[in-house]
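Chain and residue survey
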Amino acid sequence: IELGGAPGLADRLRAIAGRAPSFAPVWLRLGEAEFKAGRYDEAAAAWTRAAQLPEPDADSAASPPHVPEASIASYAAFGRARVALVRNDAAGARDILERLVRDSPSFGPALRLLGESYRALGLGKVVGEPTSGWIIYTGSQTLVDGSSIRMPGTRITTLAGETMELNPRPVD
């Protein structure tokens, strides 16, 4: 999914969503694939659908067990905020992110993106310490023997399209 995924990824995810319309993770991944392909309306729609669905049961068989940083609804809201930012709607992104941070105060990516929206709106100085530059989302993949491995899945960029991985965000 790094750059929109392999050709046809969004089509394959849509087909899976058609067969399992209540499986929130496929809608979350579809939103990411559409976003990376520059189809922002479709991404926002997929993320909205993901947020409306129940969370899947935890995979107790995963080794090591996967403990998500935030709920699917939180990741979906984060995605919709990204759409708002790429559309130069920093105020809309701020509104989404402020609600998200209030509801999930330890969701680091939302805090970082909220700082970006404040910066874009000129709402004051961003203070504190520069971010570490370690921004990457991973997902668990089950191997043939039943074991699992964590794999990188999503690239986060600034409003200007700069990859944030290994590029700490400065303070003002």
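This structure is a prediction, so every number in the text was calculated from the model and none was measured.

**With respect to the packing of helix α2 (residues 24–36) against helix α4 (residues 72–86)**
A pair of packed helices can be characterised by two numbers: the angle between their axes and the separation between those axes. α4 packs onto α2 with a crossing angle of 15° between their chain directions and a minimal axis gap of 10 Å. It follows that α2 is roughly parallel to α4 by the angle criterion. Every pair of crossing elements has a handedness; the one defined by α2 and α4 is left-handed. Contacts from Ala24, Pro25, Leu28, Glu32, Phe35 and Lys36 of α2 reach α4 at Ile72, Tyr75, Ala76, Arg82, Val83 and Val86.

**Topic: the packing of aromatic side chains**
Two descriptors summarise a pair of aromatic rings, namely the distance from one centre to the other and the angle between the planes of the rings. As enumerated under the stated definition, the model contains 4 aromatic pairs in all. Ring centres 4.9 Å apart and planes at 75° place the aromatic pair Tyr75 and Phe107 in the edge-to-face group. With a gap of 32 residues between them, Tyr75 in helix α4 and Phe107 in the loop between α5 (90–103) and α6 (108–121) connect regions that are remote in the sequence. An aromatic cluster is built from Phe35, Tyr40 and Trp47, whose rings are joined through pairwise contacts. The ring of Phe35 has Arg82 lying over it, and the distance from NZ or CZ to the ring centre is 4.2 Å.

**Remarks on α5**
Across its 14 residues, α5 extends 20 Å between first and last C-alpha, which sits within 8% of the 20 Å expected from 1.5 Å per residue. For α5, every residue scored as buried is listed here: Ala90, Gly92, Ala93, Ile96, Leu97, Leu100 and Val101. One side of α5 carries all its buried residues, which in axial view fall inside an arc of 155°. In α5, the exposed positions that point more than 90 degrees away from the buried face belong to Arg102 and Asp103.

**Quick look at α4**
For α4, with 15 residues, the first-to-last C-alpha span of 21 Å sits near the 21 Å given by 1.5 Å per residue. Among the 15 residues of α4, 11 are classified as buried, and the element is accordingly described as predominantly covered. Every buried residue of α4 is accounted for by Ile72, Ser74, Ala76, Ala77, Phe78, Gly79, Ala81, Arg82, Val83, Ala84 and Leu85. Following α4 by one or two positions, Asn88 adopts a phi angle in the positive range, close to 60°.

**Some thoughts on the environment of Ser74**
Mapped onto the elements of the fold, Ser74 is located in helix α4. In the structure, Ser74 is positioned 26 residues away from Leu100 in sequence and 6.5 Å away in space, judged by C-alpha atoms. Sequence-distant contacts of Ser74, defined by excluding residues within four places in its chain, comprise Leu100, Ser104 and Phe107.

**Observations regarding the confidence of the model for the protein chain**
Taken as a whole, the protein chain shows an average pLDDT of 81; of its residues, 76% reach a score of 70 or greater. Here strand β1 (residues 137–142) stands out as the least confident element of the protein chain, with mean pLDDT 64; helix α3 (residues 40–52) is the most confident, with 96.

**What about the nonpolar core?**
Core analysis: the biggest nonpolar cluster contains 20 residues, and Leu13, Trp27, Leu28, Leu30, Trp47, Ala50 and Val83 have the highest contact counts within it. In terms of residue count, the dominant contributor to this core is α2 (7 residues). Non-local contacts of Leu13, meaning those with residues more than four positions away in its chain, are made with Val26, Arg29, Leu30 and Ala33. Ranked by size, the runner-up nonpolar core spans 16 residues in total, among them Ala77, Leu85, Ala93 and Leu97.

**Considering the environment of Ala44**
By the secondary structure assignment, Ala44 is in helix α3. Note: C-alpha distance between Ala44 and Ala81 (37 residues apart in sequence) is 9.0 Å.

Cut-offs applied
- Residues numbered from 1 in each chain as written.
- Predicted model: local features only at pLDDT ≥ 70, side-chain atom pairs only at ≥ 80, totals over all residues.
- Heavy atoms only, no water.
- Axes fitted to C-alpha atoms, helices over the stretch in contact; angles between N-to-C directions.
- Helix = DSSP H or I, 4+ residues; strand = E, 2+ residues; numbered from the N terminus.
- Parallel < 35°, antiparallel > 145°, perpendicular 65-115°, else oblique.
- Left-handed = near helix turned anticlockwise from the far one by under 90°.
- Contact = heavy atoms within 4.5 Å.
- Phe/Tyr/Trp six-rings, centres within 6.5 Å; stacked < 30°, edge-to-face > 60°.
- Lys NZ or Arg CZ within 6 Å of the ring centre and 35° of its normal.
- Expected span 1.5 Å × (residues − 1).
- Buried < 20%, exposed > 50% of the residue type's maximum accessible area, 1.4 Å probe, protein only.
- Arc of directions from axis to C-beta.
- pLDDT = per-residue confidence, 0-100.
- Core = buried A, V, L, I, M, F, W, Y, C linked by side-chain atoms within 4.5 Å.

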